[in-house]
Structure formats: C-alpha cells, structure tokens
Amino acid sequence: MAPTNYSKAGLPETIFGTSCQSHRAWKISHVLSYYKVDIRKGASKVELLSALQSFALSVSGKEEQAIKTWLQAQNVTLAGLASAITAARDATSLKADLIDGDETKNPPTGKTKQDPQGKECPVCVETLTVDSFPDCKITASCAHEPTFCRDCLERCVNDRIRDHPWAKVHCPECNKVASYNDVQGLASEKLFERYRRNEATAEIRHLPNFVMCLTPDCGSGQVHETGNEQNPMTCTACGFKTCITHMLPHHEGQTCAEYDATRQEQLEQETESEKYLAENTKVCPGPGCGIHTVKAGRACNHITCKQCLFDYCWLCLVPYDMVRHVGGTAHARDCEQWTDETPAYKARRAAERRGDKARRAGNPLKRKRNETEDGPEDEEI
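Residues numbered from 1 in each chain as written. Predicted model: local features only at pLDDT ≥ 70, side-chain atom pairs only at ≥ 80, totals over all residues. Heavy atoms only, no water.

Going by the annotation in an unreviewed UniProt entry, the name recorded for the chain is RBR-type E3 ubiquitin transferase, with Cadophora malorum given as the source organism. Looking at the Catalytic activity (unreviewed entry) heading of the UniProt record, one finds this comment for the chain: "[E2 ubiquitin-conjugating enzyme]-S-ubiquitinyl-L-cysteine + [acceptor protein]-L-lysine = [E2 ubiquitin-conjugating enzyme]-L-cysteine + [acceptor protein]-N(6)-ubiquitinyl-L-lysine." (UniProt positions renumbered as here; feature names shortened; annotations may be inferred.)

So, in structure tokens, the structure goes:
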C-alpha cells in the first residue's frame with residue numbers, strides 16, 4: 001500500500017517535531033482526549049493530524065516540549081503524558097513566581113506543586129479532590145505515586161480479575177505485580193472473593209483428581225478423591241452438580257448406564273437423520289439461506305427454494321440466472337443439463353425454424369406431407 005500523501009491534505013511536514021508519517025494515531029488520540037478536544041469516534045489518521053495541528057497552535061513553552069517529547073518516545077502511557085504535562089505546568093508556574101520576585105515565598109524544593117482545587121485523573125479525565133485518589137502506592141513494588149483515581153483504579157483491577165481469572169493482577173500504571181494484600185485493598189468485595197477462590201484453586205489444579213466446576217460464571221474447582229464411587233460431584237462454591245464419569249452436567253434421575261443408553265439412541269437417530277439429509281436433500285446455495293431442500297420424485301431439475309425463492313439446478317447447483325444469461329454452458333461439465341448451446345445459437349436456430357415454417361406455408365402439399373411425416377413443429381425458445 002502506497003504511503004499517504006499528507007501534503008495533499010493540507011498538513012505540514014511536521015507537527016510537534018514529528019513527521020506526519022511517523023505519528024501514531026493512538027498517541028494523537030491520547031493527547032487530544034487529555035485536552036478534551038472533540039474528535040469523532042473512528043476518525044481517520046488525517047482527521048486526527050488536522051485536529052492535532054490546530055491544537056498545537058494553542059500550546060507553547062515547556063508544555064509544548066513535554067507533548068513533543070512524549071509523542072516521540074517509545075513505550076509511553078497515558079499516565080506518563082499526564083505526569084509530563086503536570087510537571088511542565090508546575091515548572092512554568094514556578095518560573096513565573098520567581099520572575100515576580102516571589103522566590104522567598106515559594107523556594108524551589110524539587111517537588112511538583114499540587115493544584116489546591118483538585119487533581120486530574122488521566123483515565124476519566126475528571127478533576128477530583130485529593131481524597132478521591134489513593135493515599136498510598138498502588139502496590140508495594142511501585143516506585144511512583146498513583147495518578148489514577150480510586151474509582152478508575154478499582155475498575156481496572158475488577159476488569160482484570162473478571163476477564164483473566166488465572167492471570168496475576170498488575171498495577172495498571174507500571175505493570176508491577178500486586179500482592180494478595182494489595183488486591184484486597186483495590187478490588188471490590190465481590191471480585192476479591194472470586195480472586196481469593198482463584199488463588200486457592202491455582203494451588204491444587206495440578207492434582208490428578210482436580211475437577212473444575214462446569215458453571216460458566218463460577219470459576220471454582222476442587223479435588224474429588226472418591227471418583228466414580230461418589231458421583232456426582234457437588235461444587236462447594238455454587239452447588240452445581242457434575243457427573244464425574246462423563247464430565248458433563250449431572251443427568252438427574254438417570255444412572256450413568258441409563259444415560260449412556262439414551263445417548264446412544266439419540267446418536268443413532270441423529271446419524272439416520274444426517275444420512276437421510278445427505279441422500280435426499282441439498283442445501284440451497286442462495287445467499288444467506290442454507291436450508292435443506294427436497295426434490296419431489298422425478299420432478300424437473302430446475303428447483304426454486306421455498307424459503308428464499310432462489311432458483312438453481314438440482315444436479316450442479318448453478319444459479320439459473322447464469323443459465324438464462326449464458327445458456328447451457330453455465331452448468332457443470334458433468335451435469336446432464338450441460339449443453340454447448342448459447343442463447344445466440346438458440347436464437348439463430350429458432351429464426352431458421354421460423355423461416356422453414358414460412359416457406360412451407362407457401363406450399364400446401366409440402367406442408368401437409370411434412371406435418372403427416374414429422375408432426376407439427378413447435379417453435380424453440
């Protein structure tokens with residue numbers, strides 16, 4: 001695929017010091033979202049670059065440099081962008097204070113200045129009070145202060161436990177592994193209970209008699225030492241019963257032998273049904289149909305589906321629209337309906353027969369003799 005010619009779209013060679021070709025759409029989206037610039041969902045890269053170009057005119061100084069550095073860096077995060085912009089704003093504010101002669105009131109300490117009105121979460125992009133953020137590090141291994149608000153942090157951890165039940169929980173900002181106690185302080189009570197069960201299950205799932213509960217939303221498992229002697233197994237977490245012999249939901253009211261007999265009978269019936277369908281029906285080739293059609297006795301091979309009204313050849317499944325367009329050559333070569341007669345050839349033959357009829361019409365004796373010998377000829381269509 002040829003590279004996009006961004007100059008034709010009215011874009012400059014570089015935006016924030018990076019060429020249009022080198023910009024990444026997801027990075028542009030993060031910057032625009034952080035500054036609450038309106039962009040439509042699913043915007044193209046050209047649209048994103050146009051919005052970024054317009055936005056670039058509104059920033060300058062250290063803040064512009066922070067965005068430029070973030071866009072050019074590798075392995076960046078939204079939290080990193082928020083931190084870089086906050087640091088740039090604090091540095092700009094501190095410089096303004098020093099120029100105003102306020103150095104004695106605000107001496108440089110090397111620490112970033114906190115906004116007394118609140119703090120912005122880089123995930124929900126809301127300015128919240130300081131007590132809406134964790135008052136300690138996310139995990140014991142983290143080397144940074146948390147920038148996610150409590151609600152967004154809990155949502156990230158809950159999603160991790162829900163979507164990846166057997167995976168470790170990590171800090172969403174720096175990817176450090178969270179300990180059991182860390183997760184307990186971050187997750188909701190319901191999701192932490194699931195995490196606790198998963199952790200306990202992970203310790204025993206390698207044992208030979210370990211059986212997972214078959215309920216999709218349970219995620220629990222246990223060691224069933226008695227095997228088939230105590231069948232079914234009842235899940236200690238949700239109470240669901242599993243047949244240990246078949247590893248299926250328990251067949252209530254039937255022994256395993258009775259269940260096997262019933263299942264065998266069902267399989268035989270299904271086999272007979274499949275055999276009948278294969279021998280006596282064909283799947284309609286109509287777009288999006290797929291219904292099984294049956295040909296009645298020695299009926300014509302031109303079939304019309306009752307479900308979608310698609311008409312086709314019963315023998316080779318060719319659509320009759322093609323037959324009408326190109327003639328008998330549309331059929332498969334091994335189909336008994338195949339002929340080498342095209343519509344033009346059939347039209348020429350029909351014209352010749354009409355001419356023969358017209359000539360015979362001028363000689364009554366010849367016409368009578370021909371009709372007696374050959375019978376009246378029909379016009380071929």
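Draft legend 1. Up close: the overall build of the chain. Counting its secondary structure elements, the chain contains 11 helices and 13 strands. In the chain, buried positions account for 28% of the 381 residues. Of the contacts made within the chain by residues no fewer than 6 positions apart, 38% connect residues no fewer than 24 positions apart. (Helix = DSSP H or I, 4+ residues; strand = E, 2+ residues; numbered from the N terminus. Buried < 20%, exposed > 50% of the residue type's maximum accessible area, 1.4 Å probe, protein only. Contact = heavy atoms within 4.5 Å.)

Draft legend 2. Looking closely at the packing of aromatic side chains. Enumeration according to the criterion identifies 6 aromatic pairs in this entry. Both rings, one in Tyr180 and one in Phe192, keep their centres 5.3 Å apart while their planes meet at 70°; by these two values the pair is edge-to-face. With Tyr180 in helix H6 (residues 180-186) and Phe192 in helix H7 (residues 189-204), the pair connects residues that are 12 residues apart, well separated along the chain. Since its relative accessible area comes to 36%, Tyr180 is described here as partly exposed. The ring of Phe133 carries Lys119 above its face, with NZ or CZ at 4.8 Å from the centroid. (Phe/Tyr/Trp six-rings, centres within 6.5 Å; stacked < 30°, edge-to-face > 60°. Lys NZ or Arg CZ within 6 Å of the ring centre and 35° of its normal.)

Draft legend 3. View of the pattern of salt bridges. The final tally for this structure, using the stated rule, is 3 salt bridges. One salt bridge connects Arg196 with Glu193, and the closest N-O pair in it is separated by 2.5 Å. Taken together, the residues Arg196 and Glu193, both in helix H7 and 3 residues apart, mark about one turn of the helix. Overall, Glu193 belongs to the partly exposed group, its relative accessible area being 33%. Between Arg324 and Asp321 there is a salt bridge, with the nearest N and O atoms lying 2.9 Å from each other. Here Asp321 and Arg324 lie together in helix H9 (residues 320-326), a separation of 3 residues that amounts to about one turn. For Arg324, a relative accessible area of 49% corresponds to the partly exposed category. A single salt-bridge network, built from bridges that share partners, covers Asp311, Asp321 and Arg324. (Salt bridge = Lys/Arg side-chain N within 4 Å of Asp/Glu carboxyl O.)

Draft legend 4. Examining the nonpolar core more closely. In this structure, Phe16, Val31, Leu52, Phe55 and Ile67 are the most contacted members of the largest nonpolar core, which totals 24 residues. Secondary structure elements with two or more residues in this core: helix H1 (25-34), helix H2 (45-56), helix H3 (61-72) and helix H4 (78-99). When residues in this core are grouped by element, the largest group, 6 residues, is from H2. Among the nonpolar cores identified, the runner-up in size contains 15 residues, and Cys142, Val157, Cys171 and Phe192 belong to it. (Core = buried A, V, L, I, M, F, W, Y, C linked by side-chain atoms within 4.5 Å.)

Draft legend 5. Quick peek at a nonpolar patch on the surface. Side chains of Tyr276, Leu277 and Val294 sit close together on the surface and give an oily, nonpolar patch of about 280 Å² of accessible area. Assessed through its relative accessible area of 45%, Tyr276 is described here as partly exposed. (Patch = residues over 30% accessible without salt bridge, like charges linked within 9 Å, V, L, I, M, F, W, Y side chains within 5 Å. Areas by Shrake-Rupley, 256 points an atom, 1.4 Å probe, with all protein chains shown as cover.)

Draft legend 6. Focus on helix H5 (residues 150-163). For H5, with 14 residues, the first-to-last C-alpha span of 20 Å sits near the 20 Å given by 1.5 Å per residue. Within the span of H5, buried status applies to Cys152, Leu153, Val157, Asn158 and Ile161. In this structure, the buried side of H5 is in contact with H6 and H7. (Expected span 1.5 Å × (residues − 1).)

Draft legend 7. Up close: the state of the cysteines. Scanning all chains against the criterion turns up 0 disulfides. Note on Cys238: no disulfide assigned, nearest cysteine sulfur contributed by Cys213 at a separation of 3.6 Å. Residue Cys238 is classed as partly exposed on the basis of its relative accessible area of 40%. The thiol sulfur of Cys308 is not disulfide-bonded, and the nearest other cysteine sulfur, from Cys284, lies at 3.7 Å. The exposure class of Cys308 is partly exposed, given its relative accessible area of 31%. (Disulfide = S-S within 2.5 Å.)

Draft legend 8. Main features of the packing of H1 against H3. Relative orientation of the contacting elements H1 and H3 amounts to 150°, with a least axis distance of 10 Å. Taken together, H1 and H3 sit at an angle that is classed as roughly antiparallel. Pair H1 / H3 crosses with right-handed handedness. For the pair formed by H1 and H3, the contact residues are Lys27, His30 and Val31 on the first element and Ile67, Trp70, Leu71 and Gln72 on the second. For the contact of H1 with H3, the class distribution of residues is 4 nonpolar, 2 polar and 1 charged. (Axes fitted to C-alpha atoms, helices over the stretch in contact; angles between N-to-C directions. Parallel < 35°, antiparallel > 145°, perpendicular 65-115°, else oblique. Left-handed = near helix turned anticlockwise from the far one by under 90°. Nonpolar A, V, L, I, M, F, W, Y, C, P; charged D, E, K, R; others polar.)

Draft legend 9. Representation of the side chain of Asp182 in the model. Here Asp182 is to be found in helix H6. Within the buried set, Asp182 has no salt-bridge partner at all; the shortest N-O distance to an opposite charge, 11 Å, is to Lys168. In this structure, Asp182 is in contact with Ile138, Thr139 and Ala140, ignoring residues within four places of it in sequence. (Lys, Arg positive; Asp, Glu negative; His and termini not counted.)

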